[in-house]
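Geometric and topological summary
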Amino acid sequence: MVNMKKQFQPIRSLIRGLEIIKVINNLGSVSISEVSSQTGIPRGTVHRMLETLLLENYLIKDLNDNKYRLFKNISLLNDNFKESDWVFSIAKPLIEKLCKKVVWPISIATCNGKEMILRETTDNNSPLALKKISGGFKVPILGSAAGRVFLSYTSDINRLKILKNIENDKTYKSNLLSKDEEVINSIINDVKSKGYSDFARSDLKQSVFAVPINTSKGIIGTIALRYIYTAIKAHDIEAKFYKSICDTASKIASSYEITLNTK
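Here the structure is a predicted model, which is why all the values come from computation and not from measurement. (Residues numbered from 1 in each chain as written. Predicted model: local features only at pLDDT ≥ 70, side-chain atom pairs only at ≥ 80, totals over all residues. Heavy atoms only, no water.)

As for the side chain of Glu115
Selection criterion: Each helix is a run of H or I in the DSSP string that is no shorter than four residues. Each strand is a run of E no shorter than two, and both are numbered from the N terminus. When a residue's accessible area, from a 1.4 Å probe over protein chains only, is under 20% of the maximum for its type it is buried; when over 50% it is exposed; and in between it is partly exposed. Polar contacts, as used here, are pairs of N or O atoms within 3.5 Å; protein pairs need one atom able to donate a hydrogen and one able to accept it. Residues neighboring in sequence count only if both atoms are side-chain atoms.
Positionally, Glu115 belongs in strand 4 (residues 115-121). Its relative accessible area of 12% is what places Glu115 among the buried residues. Only 2.6 Å separates the side chain of Glu115 from the side chain of Tyr172, close enough to count as a polar contact.

With respect to a nonpolar patch on the surface
Counted only if it meets this: Without a salt bridge and with relative accessible area above 30%, a residue can belong to a patch; like charges are then joined within 9 Å and nonpolar side chains (Val, Leu, Ile, Met, Phe, Trp, Tyr) within 5 Å. Using a 1.4 Å probe, the Shrake-Rupley method yields the accessible areas, and only the shown protein chains count as cover for residues. Whenever Lys or Arg places a side-chain nitrogen within 4 Å of a carboxyl oxygen from Asp or Glu, that contact is recorded as a salt bridge.
Nonpolar side chains collect at one region of the surface, where Ile11, Leu14 and Leu18 lie side by side and expose about 290 Å² of accessible area between them. Within the secondary structure, Leu18 is located in helix 1 (residues 12-27). On the basis of relative accessibility, which here comes to 44%, the residue Leu18 falls in the partly exposed class.

Digging into the packing of helix 5 (residues 145-153) against helix 7 (residues 181-194)
In plain terms, the rule: Helix axes are fitted to C-alpha atoms over the stretch in contact, other axes to C-alpha atoms as well, and angles between N-to-C directions run from 0 to 180 degrees. We call two directions roughly parallel when the angle between them is under 35 degrees, roughly antiparallel when it is over 145, roughly perpendicular when it lies between 65 and 115, and oblique otherwise. A contact between two residues is defined here by any heavy atoms of the two lying within 4.5 Å. Gly is put with the polar residues, along with every residue not named as nonpolar or charged; the nonpolar set is Ala, Val, Leu, Ile, Met, Phe, Trp, Tyr, Cys and Pro, and the charged set is Asp, Glu, Lys and Arg.
It is the contact of helix 5 with helix 7, at a shortest axis distance of 9 Å, that shows an interaxial angle of 90°. Here helix 5 lies roughly perpendicular to helix 7, going by the angle between them. Contacts from Arg148, Val149, Ser152 and Tyr153 of helix 5 reach helix 7 at Ile187, Ile188, Val191 and Lys192. Of the residues that constitute the contact of helix 5 with helix 7, the class distribution is five nonpolar, one polar and two charged.

Focus on the packing of aromatic side chains
Cut-off, in case you're wondering: Stacked, tilted and edge-to-face pairs are distinguished by plane angle, under 30 degrees for stacked and over 60 for edge-to-face with tilted covering the rest, among Phe, Tyr and Trp rings (Trp via its six-membered ring) whose centres lie within 6.5 Å. Only lysine NZ and arginine CZ atoms are considered, and such an atom sits over a ring when it is within 6 Å of the ring centre and within 35 degrees of the ring normal.
Considering all chains together, one arrives at four aromatic pairs under this definition. On the basis of an interplanar angle of 80° and a centroid distance of 6.1 Å, the ring pair of Phe209 and Tyr242 is categorised as edge-to-face. Of this pair, Phe209 sits in strand 7 (residues 206-215) while Tyr242 sits in helix 8 (residues 234-262), and the two are 33 residues apart along the sequence. The class of Tyr242 is partly exposed, set by a relative accessible area of 23%. A network of ring pairs unites the aromatic residues Tyr196, Phe209 and Tyr242 as a single cluster. In this structure, Lys192 is placed above the aromatic ring of Tyr153, and the distance from its NZ or CZ to the ring centre is 5.9 Å.

Thoughts on the sheet that holds strand 7
Heads up, the rule is: Pairs of strands are assigned from DSSP output, requiring at least two bridges between the strands.
Sheet architecture is open: six strands sit in the order 5-4-3-8-7-6, paired in antiparallel fashion. One side of each edge strand has no neighbouring strand; the edge strands of this open sheet are strand 5 (138-140) and strand 6 (197-201). In this sheet, neighbouring strand axes are inclined to one another by 35° on average, regardless of whether the strands run parallel or antiparallel. Here strand 3 (residues 106-111) pairs with strand 4 via five bridges, running antiparallel. Among the inter-strand pairings, Ala109 is bridged to a residue of strand 4, identified as Leu118.

Things to note about the environment of Ser126
With respect to the helices and strands, Ser126 occurs in the loop between strand 4 and strand 5. Distance in space between the C-alpha atoms of Ser126 and Val103 is 5.8 Å, their sequence separation being 23 residues. The residues touching Ser126, leaving out its near neighbours within four places in the chain, are Cys99, Val103, Trp104, Pro105 and Lys132. Among the polar contacts listed, one links the side chain of Ser126 to the backbone nitrogen of Leu128, at a separation of 3.2 Å.

Brief notes about helix 7
For clarity, the threshold we go by: Expected helix span is taken as 1.5 Å per residue step, with the number of steps being one fewer than the number of residues. To be clear, the arc concerns the directions from the helix axis to the C-beta atoms.
In a regular helix each residue adds 1.5 Å, so 14 residues correspond to 20 Å; helix 7 covers 20 Å between its end C-alpha atoms and thus fits that length. Listed as buried for helix 7 are Ile184, Ile187, Ile188 and Val191. Angular distribution of buried residues about the axis of helix 7 spans 95°; they occupy a single face of the element. Within helix 7, the exposed residues directed more than 90 degrees away from the buried face are Glu182, Asn189 and Ser193. Against the buried residues of helix 7 lie helix 5, helix 6 (156-166) and strand 6. The N-cap of helix 7, judged by a side-chain oxygen 3.1 Å from the amide nitrogen of Glu182 a few residues on, is Asp180. Just past helix 7, the residue Gly195 takes up positive phi, approximately 90°.

Some details on the nonpolar core
To keep things clear, this is the line we draw: As used in this record, nonpolar core signifies buried Ala, Val, Leu, Ile, Met, Phe, Trp, Tyr and Cys residues forming a set joined through side-chain atoms within 4.5 Å.
Ranked by size, the top nonpolar core spans 29 residues in total, and within it Trp86, Ile108, Ile213, Ile223, Leu225 and Ile252 carry the most contacts. Where this core is concerned, the elements lending two or more residues are helix 4 (81-102), strand 3, strand 7, strand 8 (218-227) and helix 8. Top contributing element to this core by residue count: helix 4, with nine residues. What Trp86 contacts, discounting residues up to four positions off in sequence, is Ala91, Ile108, Thr110, Ile213, Ile220, Ile252 and Tyr256. In terms of nonpolar packing, the next biggest core, distinct from the first, is built from 25 residues, Val139, Val149, Ile187 and Ile219 among them.

So this is what it looks like as structure tokens:
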């Protein structure tokens, strides 16, 4: 007897569209080239799909850097959109305002459970950014100011999960520190006693000064200032800019909570 049941054929275009959404969700903001590189999908196809998602309000395009980000209709698919939403609609305007005041580049980072992802930066607006970076740049938890701040202020349960996630991950050398309880406790005590973390990044040719964005529901991310450590010292950054950075973090947290309460 011949089996008349047709073999299921997945819709390739739908699969590609979902792959693109996953990449944007992971990186925060993307260019056509970045999506093509991450997915292997031809640039022309990526462009058409991005523009289609843009037309349907699943994405928004920032004309300053021509990068695509998740937008409001994504919330109809998954509540996790809230992270991308607050970063773009709340945090970005505030860090751009802060950048005008301090001149040094400012960034917002969130944690994906294994590393920190810079969701937005003001590098294009700062003449002091030696190496310009944009949304999607990843840094290690223990090898970055943002990561150390997030680890210090997150809940005990989440901290243990993060440390467990990275203890056998060889992506970053600093992940080896996750098994040293004495080192971890020292980092946490240092960050909490000062209210910030300052960490030199030789790859960026700058140091990073980061503070938490704390809400009543816990830390949602970090805000950081990058500076040239040969031009200004950490204690001068603290004296000149700590209050302004913390004020911006508080405004982000306050607006974030108001937005949650209105949804």
